[in-house]
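Each chain, letter by letter, is given below.
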Amino acid sequence: MFGLKQDWSLDVLPRYFTLDDYESSVPRWCAGCGDHGILTTVQRICRDKQLLPEKTVCVSGIGCSSRFPHYMSTYGFHGLHGRAFPVACGIKSRRPDLDVWVATGDGDCCSIGAGHWVHAVRYNMDMVAILFDNNVYALTKKQSSPTSQIGQSTNTHPKGAPLPPLNPSTTTLSITNCSFVAQTVDWNPVHMHETLKAAHEHKGFSFVRIFQRCPVFSEECFAEAQTDPDLVQLVEHDNGLQVSESGTRIYKNRRTHDPSDLVQAMAVSNQTDVLPIGLLYQNETMPIYNEYSSVGINSTPEDKINALNHQLDRFAI
Amino acid sequence: MSKATTKNGTAQTKPQTIDEHIVEIVCDSGEGAQKAGTLFATISAKMGNGIWTVEIIPAEIKPPARSREGASGNRIRVGSKEMTNAGDEANLVVALNEQVLYGRLSQDAYGPETTILLESVWATDPDANIRDAYTAALADFSARGLNVIELPIHEACSELMTDPRLGKNIFVLGILCYIYQRDTALAKQEIANIFAKKGEKVISTNHALLDAGVEFAIKHIPFTYTIPNMDVTDDQVVMNGNVAVALGVMASGMDMVSMYPITPATSASHYLAGVFDQAGGFVHQAEDEIAAIGFALGASYAGKTACTITSGPGMALKTEFIGLAVMSEIPIVIVNVQRGGPSTGLPTKVEQGDLLNAMYAATGDAPKIIMAPATIEESFYSIITARQLAEAFRTPVIVLTDANLATGQTLYKRPVTKEDWLAPPIDQSDWHAGTPAYAWNEETGISPRPIPGQKGGEYVLTGLAHTPESHVAYNPQANQVGCDMRSRKIAALEQTFTPPKVHGDESGDLLIVGWGSTLGAIEEAVDRARAKGHKVSSVHLRYLSPMEVGLEEIFAKFKKVMTVEINYSDPMGSVAHPRPSQLAMMLRAHLMQEVDFWSIVPGQPLGPNQIVGVIEDKLGTTKPSKKKNEKAGAGK
Ligand code: SF4
């Protein structure tokens, strides 16, 4: 359906991208891993929005989920453990024309990269940050992560993780200048699609926590929520995500929440008996750092030389 | 450049003509010595003298008054030729209390040639402890052979100021203007400039203080000096090394500096933060040192080669990212304004202790380009070259300066700006189809770099071992090839080098090898030693990786080769296997030959006389015949 729209009108595009144009090598994630679905969803959004592959950059740290850029045929930066955010922010700082996506995990973002995460939220640069939250370090084979459940057995805590989990969304909501927080589950592609789409459309730093299945190392964490939809709470509102019936039908447990209400967003996010999914918070009025950092990107060589000469005048004897 | 117009009709003696003098103003912090020192240096430079100034920085932020560790002020070396270092013992010191002098004495700043003009108000202080301390110090100074002249500065300033403490600095400037026959009209102009924001009243008060200082000096000071001008016709600029680095960033066309506050590097970013926007640039203050380089690398990856400016502890934190930049071949300029280490070490003090850190601090083999400017002027130009090399060789470039360059100020020829220096605009043309992300040239290791936005160049940069296509590869061959190619770039750059110039004769008994900020002191020491008849020369290295070429041939013409550095080594012969200084260690490995070394870590720049002593020790001629020129600042 090249450029064919729902009303049967046709856009004549010089370049039209299909899903193929965003796909790279066959992902080497385990069968049943939630990452596959997240990847496909992002590729679909790229296709729907016709993002130029050469103007799209996927940035990641280290971990299973951080393999993400390798499976996209856009530009990618698979850097250091915990350090995706500074790199992504640096890319955006002088290249606001690039569409930046960050793939990070619960260890990458909330443990080794926690300092950068706090500041990336505060910088509020226009990008999508996807937290693949599988409650475990998977690439390094089953160590506790900051989001591991209390009592969850891992190789570092065989008798069960001793501490209650850190809540990444509540933490993000508490950071000054936070502008977008949403949650979804990898096993509901329709809901996940609407969530990531809204994140991409948001102007500012969009933080999306995806409860992600790792059938190999933390299957128990989301097993029940998959079989019993009542353990998932659908967060909805006129100003929230508009998800079609097919993505919401199974959820009886629903909560109306106005995403402009920050205090209430904390309360929704903080629930431990259910997995709340939906838009927790959105505010497009917060300062966006790349609007500040990119001032002057179009200055000419003449401007630069004039400025330099003017400065040298100051030091002239 | 006009003649001195100070009226000195009542001077007791005719001015003595001297080549140079080292002048210090020391006092408690907050008494304005920095301002007076800067003014004295500017006036001297404008009158045509060579200058080198350094700030004397107290060891604590708010030291108590009259404390030894509170010594604050300025050292100005002023002469009739280009000044390249802070010299040895001071010739003339103005001190506003006797305790701060102890702070400087402990740093060997003064000797028997030093004349001290000392504020005498403490002799009649209501507090007996202060009076006693003052009297005791005077006796001690005279026992040490210092020539002290007591001056009632406080009393004289009281006639003009309700709080004389606030006016002493400009009063002292008046004294110095008289002693060194400075142009008082020029001095008044500079005072008006520096106080421009404070309004007419402040300016006229300070003009009155300056005049009063001159009058006072005519009455109290029995000597005056004339320092002939340099013959300089070129336009000159005066600045410290950190400002030179910052201007170098602007001149290189890099338009982003990503930093985290750290002494003694921060002032470069401070300066840029105030002016960078005029060139379309931007200073990012990151959340930490790691993020500072990560942010810069992000910009560099996206085609805007960026710079990060830091010091030792920051380098330690950036190490992992530097390794990534080498591995994935991202151009970046990293400036390390070295300070004393290890750990927090000596934050405000000079050391050349991070050479091996720059060279080796990364996991695995991480070759990169390392440059070390030797002067403030080179600090400017090195950044322009660093950006070009980083992009041409697709690699990080580390520029090593230090606290001595960062805070010293001197004159150099005003750069004639060129558009060629600037980074070219980001290439957004279509990528050549079929060319992989790392199409390594087998001989040079160099490859063209796709920039996001270039259609057809899409690749995933990775810190994992990878193929030319940037595909993750764990096979033995791919890793070997990647390492080979990155190493090849260093060899390729080396091919473009010509041997460094030897200072002095090209053969002799001893060759001193140095790098970085010690250039001025080493060459001055070599000149003095040569004037005494010693067959000594020196060579100074600007590139440490790749290492300068032709060293085998240069070294072969000398009986002994010895590095002189400001970093730690076990003195030669002190233990069975002394740990060499850092450059010596590198040269030994690089040339596979014996290289001697001498190095210390006093947290201070080396003085020429100190190095002359080292040379004579090495040559076994510790009791040389007395000849001219051996003492810093001795009048002819
Ligand atoms: S280990 Fe877990 S997280 Fe990693 S790829 Fe396999 S299923 Fe996915």
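Residues numbered from 1 in each chain as written. Chains lettered and ligands numbered in written order. Predicted model: local features only at pLDDT ≥ 70, side-chain atom pairs only at ≥ 80, totals over all residues. Heavy atoms only, no water.

**Here's the deal with a negative patch on the surface**
For step 1, the next point in the chain: Taken together, the side chains of E302 and D303 of chain A together with E419 and D420 of chain B make up a negatively charged region of the molecular surface.
For step 2, the next point in the chain: Its location among the elements puts E302 of chain A in helix α11 (residues 301-315).
For step 3, the next point in the chain: Note on E302 of chain A: relative accessible area 52%, which makes it exposed. (Patch = residues over 30% accessible without salt bridge, like charges linked within 9 Å, V, L, I, M, F, W, Y side chains within 5 Å. Areas by Shrake-Rupley, 256 points an atom, 1.4 Å probe, with all protein chains shown as cover. Salt bridge = Lys/Arg side-chain N within 4 Å of Asp/Glu carboxyl O. Lys, Arg positive; Asp, Glu negative; His and termini not counted. Charge placed at Lys NZ, Arg CZ, Asp CG, Glu CD. Helix = DSSP H or I, 4+ residues; strand = E, 2+ residues; numbered from the N terminus. Buried < 20%, exposed > 50% of the residue type's maximum accessible area, 1.4 Å probe, protein only.)

**Considerations on the interface of chain B and chain A**
For step 1, the next point in the chain: Facing 66 residues of chain B, the contacting portion of chain A comprises 56 residues.
For step 2, the next point in the chain: Between chain B and chain A, roughly 4,900 Å² of surface is buried when both sides are summed, and carbon and sulfur atoms account for 65% of that area.
For step 3, the next point in the chain: The interface formed by chain B and chain A contains 3 salt bridges.
For step 4, the next point in the chain: A salt bridge links D313 of chain A to R414 of chain B, with the nearest nitrogen and oxygen atoms 2.8 Å apart.
For step 5, the next point in the chain: Taken together, the connections running from chain B to chain A amount to 30 residue pairs in polar contact (both at pLDDT 80 or more).
For step 6, the next point in the chain: Contributions of two or more residues to the side of chain B that touches chain A are made by α1 (33-46), β9 (236-240), α8 (241-252), α9 (266-275), β11 (282-285), α10 (289-301), α11 (312-328) and β17 (460-462) of chain B.
For step 7, the next point in the chain: Tallying contributions element by element places α10 of chain B first for the side of chain B that touches chain A, with 7 residues.
For step 8, the next point in the chain: A class-by-class count of the residues in the side of chain B that touches chain A yields 38 nonpolar, 17 polar and 11 charged.
For step 9, the next point in the chain: Pairing geometry for strand β2 (residues 75-78) of chain A and β17 of chain B, over 3 bridges, is parallel. (Contact = heavy atoms within 4.5 Å. Buried area = accessible area lost by both parts, 1.4 Å probe. Polar contact = N/O pair within 3.5 Å; in protein donor to acceptor, adjacent residues only side chain to side chain. Nonpolar A, V, L, I, M, F, W, Y, C, P; charged D, E, K, R; others polar. Pairing = 2+ DSSP bridges.)

**A word on the environment of F321 of chain B**
For step 1, the next point in the chain: Here F321 of chain B is to be found in helix α11.
For step 2, the next point in the chain: F321 of chain B sits in the buried class, given a relative accessible area of 1%.
For step 3, the next point in the chain: Taking C-alpha positions, F321 of chain B is 9.5 Å from G463 of chain B, a pair spaced 142 residues apart along the chain.
For step 4, the next point in the chain: Other than its neighbours up to four places away in sequence, F321 of chain B contacts L80, R83 and V87 of chain A together with I290, I293, G294 and L297 of chain B.

**Quick notes on unusual backbone geometry**
For step 1, the next point in the chain: A cis amide bond links T263 of chain B with the next residue in sequence, P264 of chain B, at an omega value of 0°.
For step 2, the next point in the chain: Looking at the element boundaries, P264 of chain B is found in the loop between β10 (256-259) and α9.
For step 3, the next point in the chain: That bond from G341 of chain B to P342 of chain B is cis: its omega, 0°, falls within 30 degrees of zero.
For step 4, the next point in the chain: With a phi angle near 70°, K142 of chain A is a residue other than glycine that sits in the positive phi range.
For step 5, the next point in the chain: In this model, S470 of chain B sits at a positive phi of 70°, which is unusual for a non-glycine residue.

**Comments concerning the pattern of salt bridges**
All names here are of chain B.
For step 1, the next point in the chain: Per the stated rule, a full pass over the model turns up 37 salt bridges over all chains.
For step 2, the next point in the chain: With a shortest N-O distance of 2.9 Å, E289 and K318 are connected by a salt bridge. With E289 in helix α10 and K318 in helix α11, this pair connects stretches of sequence that are 29 residues apart.
For step 3, the next point in the chain: A relative accessible area of 0% places K318 in the buried class.
For step 4, the next point in the chain: With a closest N to O distance of 3.8 Å, D430 and K455 form a salt bridge. One end of the pair, D430, is in the loop between β16 (409-413) and β17; the other, K455, is in the loop between β16 and β17, with 25 residues separating them in the sequence.
For step 5, the next point in the chain: The exposure class assigned to D430 is exposed, which follows from its relative accessible area of 52%.
For step 6, the next point in the chain: A network of salt bridges, in which partner residues are shared, links E20, R77, D88, E524 and R528.

**Regarding the domain arrangement of chain B**
Residues and elements named next belong to chain B.
For step 1, the next point in the chain: We note that the domain assignment places domain 1 (2-226), domain 2 (237-421), domain 3 (427-496) and domain 4 (502-635) within chain B.
For step 2, the next point in the chain: The distance between the C-alpha centroids of domain 1 and domain 2 comes to 35 Å.
For step 3, the next point in the chain: At the interface, 11 residues of domain 1 touch 9 residues of domain 2.
For step 4, the next point in the chain: Of the roughly 880 Å² buried at the junction of domain 1 and domain 2 (both faces included), carbon and sulfur atoms supply 55%.
For step 5, the next point in the chain: Taken together, domain 1 and domain 2 are joined by 0 salt bridges.
For step 6, the next point in the chain: Put simply, domain 1 and domain 2 have 3 residue pairs in polar contact (both at pLDDT 80 or more) between them.
For step 7, the next point in the chain: With 6 residues, strand β3 (residues 50-56) is the single largest residue contributor to the side of domain 1 that touches domain 2.
For step 8, the next point in the chain: In the side of domain 1 that touches domain 2, the residues fall into 6 nonpolar, 4 polar and 1 charged. (Domains from an automatic or database assignment.)

**Let's talk about the packing of α8 of chain B against helix α13 (residues 376-393) of chain B**
All names here are of chain B.
For step 1, the next point in the chain: With their axes 7 Å apart at the nearest point, α8 and α13 run at an angle of 30° to one another. Here α8 lies roughly parallel to α13, going by the angle between them. Taken as a pair, α8 and α13 cross one another with a handedness that is right-handed. From α8, G241, A244, V245, L247, G248, V249, A251 and S252 reach across to α13, where they touch I376, S379, F380, I383, I384 and R387.
For step 2, the next point in the chain: Taken together, the residues of the contact of α8 with α13 sort by class into 9 nonpolar, 4 polar and 1 charged. (Axes fitted to C-alpha atoms, helices over the stretch in contact; angles between N-to-C directions. Parallel < 35°, antiparallel > 145°, perpendicular 65-115°, else oblique. Left-handed = near helix turned anticlockwise from the far one by under 90°.)

**Topic: the sheet that holds β9 of chain B**
Residue and element names in this part refer to chain B.
For step 1, the next point in the chain: Strand order in the open sheet formed by 8 strands is β7-β6-β5-β2-β4-β3-β16-β9, with mixed pairing between adjacent strands. Of all the strands in the sheet, the pair left with one neighbour each is β7 (147-151) and β9. Neighbour-to-neighbour, the strand axes of the sheet open up by a mean angle of 20°, direction not taken into account.
For step 2, the next point in the chain: Packed on one face of the sheet, α13 meets β3, β9 and β16 and runs near 65° to β16.

**Here we look at the pairing of β10 of chain B**
For step 1, the next point in the chain: Residues of β10 of chain B alternate between two faces, with M256 and S258 of chain B on one and V257 and M259 of chain B on the opposite face, all of them buried.
For step 2, the next point in the chain: Remark: the β10 of chain B/α9 of chain B/β11 of chain B crossover connection has right-handed handedness. (Right-handed = clockwise from strand over helix to strand, strands pointing away.)

**A closer look at the packing of aromatic side chains**
For step 1, the next point in the chain: The tally for this structure, following the rule as stated, stands at 26 aromatic pairs over all chains.
For step 2, the next point in the chain: For the pair F17 of chain A and Y22 of chain A, a centre-to-centre distance of 6.1 Å together with 65° between the ring planes defines the contact as edge-to-face. One exposure class covers both F17 of chain A and Y22 of chain A, and it is buried.
For step 3, the next point in the chain: Taking 5.7 Å as the distance between ring centres and 45° as the angle between the ring planes, the aromatic pair formed by F223 of chain B and Y225 of chain B counts as tilted. When sorted by exposure, F223 of chain B lands in the same class as Y225 of chain B, which is buried.
For step 4, the next point in the chain: An aromatic cluster is built from Y75 and F77 of chain A together with Y301, Y438, W440 and Y459 of chain B, whose rings are joined through pairwise contacts.
For step 5, the next point in the chain: Over the ring of W122 of chain B we find R66 of chain B, and its NZ or CZ is 4.6 Å from the ring centre.
For step 6, the next point in the chain: Just above the ring of Y102 of chain B sits the side chain of R68 of chain B; from NZ or CZ to the centre is 3.9 Å. (Phe/Tyr/Trp six-rings, centres within 6.5 Å; stacked < 30°, edge-to-face > 60°. Lys NZ or Arg CZ within 6 Å of the ring centre and 35° of its normal.)

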